[in-house]
Amino acid sequence: MIKAAKEPFMSEVRLRFAPSPTGYLHVGGARTALFNWLLARKQHGTFVLRIEDTDVTRSTQESVDAIFEGMKWLGLDWDEGPFFQSDYFPVYKEYIDRLVAEGKAYKCYCTVEELEAKREKALKEGGKPKYDGTCRDLPPQEDDGRPYVIRFRTPKEGVTSWNDLIKGKVSFENAELDDLIIQRTDGTPTYNFVVVVDDVTMRMTTVIRGDDHVNNTPRQILIYEALGAPVPVFAHVPMILGADKARLSKRHGATSVMAYRDMGFLPEAMVNYLVRLGWSYGDEEIFSLTDLIEKFSIENVGRSAGVFNPDKLLWLNAHYIKTGDPVRLADLLIPFLKERGVDPAQGGPDLVAVVKTLQERAKTMLELADGALFYYRDELSYDEQGVAKAFNADTPGLLNALVEKLAALPALDAGQIEQAFKELMAEKGIKLGQVGPAVRLSLSGTTASPGIYEMIEVLGLAETKKRIERAIAVLCR
RNA sequence: GGUCCCAUCGUCUAGUGGUUAGGACACCGGCCUUUCACGUCGGUAACAGGGGUUCAAGUCCCCUUGGGAUCACCA
């Protein structure tokens, strides 16, 4: 008998991306999300999105929306969620009460001031700034109205270790850990506890997260054990650094994923770049999301931190613009064009045709937009140096002759246009260099543009004629 | 400072005891060419240092050095 494919197996992998909504989706978070998503997709598992908003004061709706927007842009969809931790406070409370009842957690009445003083004193005496356990062995007592936090009772001996999918075996002496607070004075639970409860209740099998959580992991494992829950497999992804090898931050440039969209990057370039930062597959450089689902493996993620290299991102972006579908690119280009005061829907050459002439000349959508502007502008400003070189007394005659030839063509395609140029050159006994640059300037206003034949074809006869005549009028006085 | 992690070209990396240490970005040069680009061919450039283990070490072990992370009633 064959089992239905949909039937859930205990072996099904479940992963999650769990950002805290306190800012935009940054490239590091995006990469973590991507790795989780890829592994889930590759193993036909489940990918969950969970918003870690237990810090109610720092969490914002704008940040939540920014995360959704970033995920959507990158093409990372989720199977369950989004779940918001703030919706589950009663659940956490229940688990905490259970630990207290079992003696695995206890109330601590030390005040913030007392703790601060102890920390400073310990530091001053060269000791470790750990909680000293003042309330750890207090006899159980009735509440007398004094505020308290709840601390997790960490074993004083033994070793906690795990086999990290990326880093290998990592071990901590329990004696190095102190009794962390799992519930604040105001009754809300803290991060290290909540993640564990959520990962337990959401049945996570694998946790891929940033390197900066390595030090939290032993505490969390201890909590899993106290809860009697299975411990998931961990994979700690190395950090992303700036050019100076310091943790990537705004001063290195944009860190928000959406900022890259606004700077004219394609999501596939971003995904490709991010996945290759720390992961590799032989000598291959170009990967689509579909390739990655097949080829990605967390074991091949490197252990060391990587420097974010904007140049390589740019190269990838140029690659995807060059090889991208012109129809899609044209569509994506419209907002950039509108920002520049051009609306292709209001007339002018076909945008898809325009894009085709520019694809291999643009590294970003911004460059593509800038390069496309001249096609839609009525008034061109002409590059002075170019004009000085390309225009002389013979130019008007040559240009007019060219227009006549173009007008006589049965069809205005690149092949025929080239033919017309050849005839003109033969008849006048000139080389292309004596007329080409002037045509280019007349049509585009610049010396760097798509091919002359391409431009004529895209602009069409009427517009080509108009532009050449205007150039003669303006430049040959 | 304690703890934990990391270490191959400038950068991303391949390498799993025996390689002329490979690829990619960037950079430099040739070619192509109607401009700018694209493309293409070629070049410069790395095993942090020191000890072991071994016939043999970029690969294994130790130390040093250098980076990074973390030590909250943040996540």
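Residues numbered from 1 in each chain as written. Chains lettered and ligands numbered in written order. Predicted model: local features only at pLDDT ≥ 70, side-chain atom pairs only at ≥ 80, totals over all residues. Heavy atoms only, no water.

We now examine the protein's contact with RNA strand B. With respect to spatial proximity, 55 residues lie near RNA strand B, and among them R184, T185, R361, R440 and S449 are the closest. Counting only atoms of RNA strand B within 4 Å of the protein, the fraction found in sugar and phosphate groups is 68%. Breaking the surface near RNA strand B down by element, the ones donating at least two residues are helix 4 (112–124), strand 7 (168–173), helix 5 (191–201), strand 12 (306–307), helix 10 (310–323) and helix 18 (452–475). Per-element tally for the surface near RNA strand B: the top contributor is helix 10, with 4 residues. Partitioned by chemical class, the residues of the surface near RNA strand B number 16 nonpolar, 17 polar and 22 charged. (Near = heavy atom within 4 Å. Helix = DSSP H or I, 4+ residues; strand = E, 2+ residues; numbered from the N terminus. Nonpolar A, V, L, I, M, F, W, Y, C, P; charged D, E, K, R; others polar.)

Examined against the element boundaries, E379 turns out to sit in the loop between helix 13 (365–376) and helix 14 (384–390). A relative accessible area of 63% places E379 in the exposed class. For the pair E379 and G282, spaced 97 residues apart in sequence, the C-alpha separation works out to 51 Å. (Buried < 20%, exposed > 50% of the residue type's maximum accessible area, 1.4 Å probe, protein only.)

A separate point is the packing of aromatic side chains. Evaluation of the coordinates by the stated rule reveals 15 aromatic pairs. Geometrically, the ring pair formed by Y260 and F265 is edge-to-face, given 5.5 Å between the ring centres and 70 degrees between the ring planes. Centre to centre, the rings of Y281 and F287 are 6.3 Å apart; their planes meet at 85 degrees, and the pair counts as edge-to-face. For Y281, a relative accessible area of 30% gives the class partly exposed. On the basis of relative accessible area, F287 is assigned to the buried category, the value being 0%. Aromatic rings pair up to connect F35, W279, Y281, F287 and F296 into one cluster. Against the face of Y109 rests R146, its NZ or CZ located 4.4 Å from the ring centre. (Phe/Tyr/Trp six-rings, centres within 6.5 Å; stacked < 30°, edge-to-face > 60°. Lys NZ or Arg CZ within 6 Å of the ring centre and 35° of its normal.)

If you trace the 3 strands from one edge of the open sheet to the other, you get 1-2-3, paired in parallel fashion. The open sheet has two edge strands, strand 1 (14–17) and strand 3 (80–84), and neither has a second partner. Each strand axis lies, on average, 25 degrees off the axis of its neighbour in the sheet, ignoring direction. Of the pairings in the sheet, the one linking strand 1 to strand 2 (residues 46–51) comprises 4 bridges and is parallel in character. For R14, the partnering residue across the bridge sits in strand 2 and is T46. In this fold helix 2 (residues 61–74) packs onto strand 1, strand 2 and strand 3, with an angle of close to 155 degrees to the strand it touches most, strand 2. (Pairing = 2+ DSSP bridges. Axes fitted to C-alpha atoms, helices over the stretch in contact; angles between N-to-C directions. Contact = heavy atoms within 4.5 Å.)

Another aspect to go through is helix 3 (residues 89–101). With 13 residues, helix 3 should cover 18 Å at 1.5 Å per step; its first-to-last C-alpha distance of 18 Å lies within 8% of that length. Y92, Y95, I96 and L99 are the residues of helix 3 that are buried. Down the axis of helix 3, the smallest arc covering the buried residues is 100 degrees, so these residues share one side. Facing away from the buried surface of helix 3 by more than 90 degrees, the exposed residues are P90, E94 and A101. Contacts made by the buried residues of helix 3 are with strand 4 (105–108), strand 5 (149–152), strand 8 (181–183), helix 5 and helix 6 (217–227). (Expected span 1.5 Å × (residues − 1). Arc of directions from axis to C-beta.)

The buried fraction of strand 9 (residues 206–210) amounts to 5 of the 5 residues, a majority that puts the element mostly inside the structure. Two elements, strand 9 and strand 10 (residues 233–237), share 5 bridges in a ladder whose sense is parallel. Each bridged residue has a counterpart across the sheet, and for G210 the counterpart in strand 10 is V237. Crossover connection from strand 9 via helix 6 to parallel strand 10: handedness right-handed. (Right-handed = clockwise from strand over helix to strand, strands pointing away.)

Purely geometric stuff here, so don't read any function into it on its own.
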